[in-house]
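Listed below are the residues making up each chain.
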Amino acid sequence: MASSSLFQSSPFSLKCKPPIPYPSPKSTVFPTHFTIKAQSQSQSGSPLTQNNSASTNPPPSNAAASKHRRPADENIRDEARRKNVTHSHRFSAKYVPFNADPSSTESYSLDEIVYRSQSGGLLDVQHDMEALKKYDGEYWRALFDSRVGKTTWPYGSGVWSKKEWVLPEIDSDDIVSAFEGNSNLFWAERYGKQFLGMNELWVKHCGISHTGSFKDLGMTVLVSQVNRLRKMNRPVVGVGCASTGDTSAALSAYCAAAGIPAIVFLPANKISIAQLVQPIANGAFVLSIDTDFDGCMQLIREVTAELPIYLANSLNSLRLEGQKTAAIEILQQFDWEVPDWVIVPGGNLGNIYAFYKGFRMCKELGLVDRIPRLVCAQAANANPLYLYFKSGWKEFKSIRANTTFASAIQIGDPVSIDRAVYALKNSNGIVEEATEEELMDAMAQADSTGMFICPHTGVALTALIKLRNSGVIGPTDRTVVVSTAHGLKFTQSKIDYHSRDIKDMACRFANPPVQVKADFGSVMDVLKKYLLSKAPKY
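Residues numbered from 1 in each chain as written. Predicted model: local features only at pLDDT ≥ 70, side-chain atom pairs only at ≥ 80, totals over all residues. Heavy atoms only, no water.

S.K.: So what's going on with the overall build of the protein chain? Which residues, and what values?
M.R.: When you go through the protein chain residue by residue, the secondary structure sums to 18 helices and 15 strands. Out of the 538 residues belonging to the protein chain, those deemed buried represent 53%. Partitioning the contacts of the protein chain with sequence separation of at least 6, the portion at a separation of at least 24 is 69%. When the accessible surface of the protein chain is summed, it comes to about 24600 Å², and 52% of that surface belongs to carbon and sulfur atoms. (Helix = DSSP H or I, 4+ residues; strand = E, 2+ residues; numbered from the N terminus. Buried < 20%, exposed > 50% of the residue type's maximum accessible area, 1.4 Å probe, protein only. Contact = heavy atoms within 4.5 Å. Areas by Shrake-Rupley, 256 points an atom, 1.4 Å probe, with all protein chains shown as cover.)

S.K.: Got a sec to walk through the nonpolar core? Specific residues and values, please.
M.R.: Counting residues in hydrophobic clusters, the biggest one holds 107 residues, and the most contacted among them are Trp140, Trp165, Tyr310 and Leu385. In terms of residue count, helix H12 (residues 350–364) provides more of this core than any other element does, eight residues in total. Ranked by size, the runner-up nonpolar core spans 36 residues in total, among them Val203, Trp341, Ile409 and Ala510. (Core = buried A, V, L, I, M, F, W, Y, C linked by side-chain atoms within 4.5 Å.)

S.K.: Explain the pairing of strand E10 (residues 285–289) residue by residue, including any values.
M.R.: In this sheet, E10 lies alongside strand E9 (residues 262–267) in parallel orientation, the contact comprising five bridges. Across the sheet, residue proline 267 finds its bridge partner in E10, namely isoleucine 289. Handedness of the crossover joining E9 and E10 through helix H8 (residues 273–281): right-handed. (Pairing = 2+ DSSP bridges. Right-handed = clockwise from strand over helix to strand, strands pointing away.)

S.K.: Can you lay out H8 for me, pointing to particular residues and giving the numbers?
M.R.: Taken together, the buried positions of H8 are Gln275, Gln278 and Pro279. Down the axis, H8 shows its buried residues gathered within 85° of arc, on one side only. Facing away from the buried side of H8 by more than 90 degrees, the exposed set consists of Ile273 and Ala281. Summarising the contacts, the buried residues of H8 are in contact with helix H7 (246–258), E9 and E10. Looking one or two places after H8, you find glycine 283, whose phi comes out positive at around 85°. (Arc of directions from axis to C-beta.)

S.K.: Break down empty space enclosed by the protein for me, with residues and values.
M.R.: With the rule as written, the count across this model stands at four cavities of 30 Å³ or more. Along the wall of the largest cavity there are 25 residues; nearest its centre are Phe214, Lys215, Arg319, Asn348 and Ala408. Listed by contribution, the elements that provide at least two residues to the lining of the largest cavity are H7, helix H10 (318–323) and H12. When residues of the lining of the largest cavity are assigned to their parent elements, the largest contribution, three residues, is made by H12. Across the lining of the largest cavity, the residue classes break down as nine nonpolar, 13 polar and three charged. (1 Å grid on protein atoms, 1.4 Å probe; cavity = no way out; pocket = protein on both sides within 12 Å on 5 of 7 lines; lining within 4 Å. Points joined across faces, edges and corners; volume = space filled by probe spheres on them. Nonpolar A, V, L, I, M, F, W, Y, C, P; charged D, E, K, R; others polar.)

S.K.: Talk me through unusual backbone geometry; I want residue IDs and the actual numbers.
M.R.: Tryptophan 153 connects to proline 154 through a cis peptide bond whose omega is -5°. Mapped onto the fold, proline 154 is located in the loop between helix H3 (137–147) and helix H4 (163–166). At tryptophan 336, a position not held by glycine, the phi torsion is positive, near 65°. Take tryptophan 336: it is sitting in the loop between helix H11 (325–333) and strand E12 (341–345). Positive phi, normally seen in glycine, also occurs at aspartate 504, with a value near 60°. The topology assignment puts aspartate 504 in the loop between helix H17 (491–498) and helix H18 (520–534). Using a relative accessible area of 73% as the deciding quantity, one classes aspartate 504 as exposed.

S.K.: Residue-level account of a nonpolar patch on the surface, with values.
M.R.: On the surface, a nonpolar cluster with roughly 610 Å² of combined accessible area is contributed by Val514, Val516, Val523, Val526, Leu527, Tyr530 and Leu531. Mapped onto the elements of the fold, tyrosine 530 is located in helix H18. (Patch = residues over 30% accessible without salt bridge, like charges linked within 9 Å, V, L, I, M, F, W, Y side chains within 5 Å. Salt bridge = Lys/Arg side-chain N within 4 Å of Asp/Glu carboxyl O.)

S.K.: Give me the sheet that holds E10: which residues, what numbers.
M.R.: The parallel open sheet is built from four strands, whose spatial order is E10-E9-E8-E11. Looking at which strands have only one partner, the edges of the open sheet turn out to be E10 and strand E11 (309–311). Neighbour-to-neighbour, the strand axes of the sheet open up by a mean angle of 25°, direction not taken into account. Contacts from helix H6 (residues 215–231) reach strand E8 (238–242) and E11 within the one sheet, and its direction differs from that of E11 by about 145°. (Axes fitted to C-alpha atoms, helices over the stretch in contact; angles between N-to-C directions.)

S.K.: Describe in detail the packing of aromatic side chains, supporting the description with residues and values.
M.R.: Applying the stated rule across the entire model yields 22 aromatic pairs. Ring geometry for tyrosine 115 versus tyrosine 310: centroids 5.8 Å apart, planes at 70°, classification edge-to-face. Here tyrosine 115 is found in the loop between strand E4 (108–109) and strand E5 (123–127), whereas its partner tyrosine 310 is found in strand E11, with 195 residues between them in sequence. For the pair tyrosine 115 and tyrosine 310, one class covers both residues: buried. The aromatic ring of tyrosine 155 is capped on one face by arginine 147, whose charged end is 3.8 Å from the ring centroid. Here lysine 494 stacks its cationic end above the ring of phenylalanine 452, 4.3 Å away from the centre of that ring. (Phe/Tyr/Trp six-rings, centres within 6.5 Å; stacked < 30°, edge-to-face > 60°. Lys NZ or Arg CZ within 6 Å of the ring centre and 35° of its normal.)

S.K.: An account of the pattern of salt bridges is needed here, citing residue identities and associated values.
M.R.: Summed over all chains, the structure comprises 19 salt bridges. One salt bridge in this structure joins arginine 478 and glutamate 337, with 3.2 Å as the shortest N-O distance. In this pair, arginine 478 sits in the loop between helix H16 (455–469) and strand E15 (479–483) while glutamate 337 sits in the loop between H11 and E12, placing the two residues 141 residues apart along the sequence. Among the residues examined, arginine 478 registers a relative accessible area of 17% and is labelled buried. Taking the relative accessible area as the measure of exposure, glutamate 337 reaches 45% and is therefore partly exposed. Aspartate 441 is the partner of arginine 508 in a salt bridge, and the nearest nitrogen-oxygen pair spans 3.3 Å. A residue pair is termed long-range when its members are at least 10 positions apart, and arginine 508 in the loop between H17 and H18 and aspartate 441 in helix H15 (residues 436–448) qualify at 67 residues.

Structure follows, in structure tokens:
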């Protein structure tokens, strides 16, 4: 870049650089530092770059411009590599047994292919909290906020903008990202006021993502780590998952982007066409199996134990590291004010723990002073956690899940049951359930106020309705409902509802099209009747 006119008489220039990513511990502001750039007299206007390779860019046409654009032959990944903006290895993480005794010394590198502890229990990703605590909450808030909306690789992603808390040691070259996350926190003003008498109801639209569900948040982390392992020549030929739809869509898309084979086990005739077509379109090897999700899950666990296929289900705790960033995003979107309640649909139950983990890290590292109360919402046709909660946490029993419109949470033997119970107990949490009619009515009501949600969000809204009606949630409580998938994945269920074509369901809020003759008089009669019904009553 051409030197400022103030220094044109000298072959040296002072340039104020952007804030360094890691200030001295407990610093509460971003300090700046200066670097001296030598400018060759024989190459006037072509100063040396930071890594001492000569720049080939011509000077900007506007001498006052403060930045160069990237060279034409350099992409954002190249730029990150040149600037080394990822600052690898300052922080670390490892696998440890979930909720282990403090005296336990069992741990594994994240580069190991391991899914269970020695005792057969779940694993958890444990971060070096002491290293993270060297920087205070104000620093982390400012750092995360500074990355929102940027295209700097990989921080343009809502997940990787929190890289230090997610997968700190991975090189940016190995990251596979679609700049997922940064999803809308929607103020459900009309729904809250009209149906619940609430003024602080918000919906976190995690389904507004690359493949249309929150699963993208975890899959970018898992597939990035697989990409790293393959470059390290670890025995990983492909990645596999059992799925009720959304997991397979996310896995196949991210594997396709990275050129990694994806293998998908789907329960035959139990997911929507929109969900089925996604892995097929992305080139995954799809097996349609005559069983339910729990049967597919058992098969994929057996297969991955014998073949060099990396397991991508939430048994693998890496995914939860990405999913927890949605909790951090909620806090960011409220300018780091903590909501009173967060309601999450639950099936395999990894997500409720992921949200808890995100909120807990923010509290432990000083970004906030408390965590919200969590609610896990289940379909009554697949409600093992609800039954466990109602028993006073006395004994967990898996069940045979019955068919539900909320197909992604049609799971009777959830892998992350222990994680979910831990999250709920430590957040003074609650479990609620929704019948098929309740969840479909709630979805229709929400859609009628401008949303277009999935049935799983209908489950969460039903939980909210019940807790609001019982007085547990107050009219001014700031409440966030997590919407897990895009409504367009479930159009058939919406068509059936509004056609009143669902057996034994009243479909109270159906809004079918009105059949009318193609003549002016008939159309006018219908419109007058409709407008009269909508006229304000004074």
